[in-house]
Amino acid sequence: MSVIARPGDSGLATQTDGFAIVVEGLRKRYGSLVAVDGISFRVKEREIFGLLGPNGAGKTTTVEILEGLRSADDGQALVGGIDVRRDPHKVKNVIGVQLQSSAFFDGLNLLELLDLFAALYKRSIDAMAILKKVDLSEKARAKVSTLSGGQKQRFSVATALVNEPKILFLDEPTTGLDPQARRNLWELAQSIRAEGRTIVLTTHYMDEAQTLCDRVAIMDHGKILAMEPPDALIQRLLDKGFKGERLERSANLEDVFLDMTGHGLRES
Ligand code: ATP
């Protein structure tokens, strides 16, 4: 029996209050492979929620079901109050999805691309204001192919912001970026959350998850093994008597790198 409240359902409505995403018993198979094995979780509004796990754990499948891009076999998912399985197209009105920069048509500059996205969403936007938000106003008339890796990632976040989404999905947004560019992207994610949006982040970088996420779910073999704030998970491990092999120092090589090359944006 489902316990998910749908907006307007009497009695159960309070169960989804304050939650951007509610997932119950979600399941997906590819032939005999169970990629997502009956998972349940909730993401609070304005939360940065991390989905972690080794390759093949089922993160992308889960996220793409929530984005309305793949169909689930069983279970329920409400995203921004929309029942994704019932209304997969409607969910696109409330979510922002980052596209890989290789997907962008290079005949247009950044402003023109944002305007094109806005036209697809039937929205009128201030494209320059969006570029400013992601620190790319100086590149407004540049083509995507001329941007650095960090700039491309920030531009892909910009395209995901065009429809003013309530919920933003960031899929490994800092893979391949240098330390400054990663930190710039972290700041961007935090500023997007400060605007009242919810972020679902998949990442293989544990330092990124620890810095950004209010809570993380750790997935493996299609199941959620744990779901808590990073500090609580670390404390639980320490309480079990875990002793790291690392000799803790008050600085690491990344600090040296940042100290020498600066924390600011690299435009080259
Ligand atoms: P990664 O960290 O590598 O991105 P992931 O946690 O996102 O991994 P998924 O991409 O969701 O994992 O894959 C979960 C499992 O489902 C894997 O075993 C994968 O091989 C399988 N899988 C994913 N997509 C398909 C598909 N379209 N057809 C068949 N099997 C698939």
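Each value, and the rule that gives it
- Residues numbered from 1 in each chain as written.
- Predicted model: local features only at pLDDT ≥ 70, side-chain atom pairs only at ≥ 80, totals over all residues.
- Heavy atoms only, no water.
- Helix = DSSP H or I, 4+ residues; strand = E, 2+ residues; numbered from the N terminus.
- Buried < 20%, exposed > 50% of the residue type's maximum accessible area, 1.4 Å probe, protein only.
- Areas by Shrake-Rupley, 256 points an atom, 1.4 Å probe, with all protein chains shown as cover.
- Patch = residues over 30% accessible without salt bridge, like charges linked within 9 Å, V, L, I, M, F, W, Y side chains within 5 Å.
- Salt bridge = Lys/Arg side-chain N within 4 Å of Asp/Glu carboxyl O.
- Axes fitted to C-alpha atoms, helices over the stretch in contact; angles between N-to-C directions.
- Parallel < 35°, antiparallel > 145°, perpendicular 65-115°, else oblique.
- Left-handed = near helix turned anticlockwise from the far one by under 90°.
- Contact = heavy atoms within 4.5 Å.
- Polar contact = N/O pair within 3.5 Å; in protein donor to acceptor, adjacent residues only side chain to side chain.

Draft legend 1. Geometry of the overall build of the protein chain. Each helix and strand in the protein chain was counted, giving 8 helices and 10 strands. Counting across all 268 residues of the protein chain, residues that qualify as buried make up 43%. Total accessible area on the protein chain stands at roughly 14100 Å², and carbon and sulfur atoms take up 52% of it.

Draft legend 2. Main features of a nonpolar patch on the surface. Together, I234, L237, L238 and F242 make up an exposed nonpolar region whose accessible area comes to about 330 Å². Position of I234 relative to the elements: it lies in helix α7 (residues 230–239).

Draft legend 3. Seen up close, the pattern of salt bridges. Across all of its chains, the model carries 13 salt bridges by this definition. Close ionic contact of K223 with D37 constitutes a salt bridge, the shortest N to O distance being 2.9 Å. Here the residue K223 occupies a position in strand β10 (residues 223–228), and D37 occupies one in strand β2 (residues 33–44), the gap between them amounting to 186 residues. A relative accessible area of 41% places K223 in the partly exposed class. The exposure class of D37 is partly exposed, given its relative accessible area of 23%. With a closest N to O distance of 3.4 Å, E164 and R197 form a salt bridge. Taken together, the residues span a long stretch of sequence, with E164 in the loop between α4 (149–161) and β7 (167–171) and R197 in the loop between α5 (179–194) and β8 (198–202) at a distance of 33 residues.

Draft legend 4. Local environment of the packing of α4 against α5. Across the interface, α4 lies against α5 with an axial gap of 9 Å and an inter-helix angle of 15 degrees. Comparing the axis directions of α4 and α5 gives the class roughly parallel. When the axes of α4 and α5 are compared, the crossing they make is right-handed. Along the contact surface, α4 presents G150, Q153, R154, V157 and L161, while α5 presents A181, N184, L185, L188 and I192.

Draft legend 5. Structural view of the side chain of D83. Tracing the backbone shows D83 in strand β5 (residues 82–83). Overall, D83 belongs to the buried group, its relative accessible area being 10%. At 3.2 Å, the side chain of D83 and the backbone nitrogen of R85 are in polar contact.

Function cannot be read off these values alone, since they describe shape.
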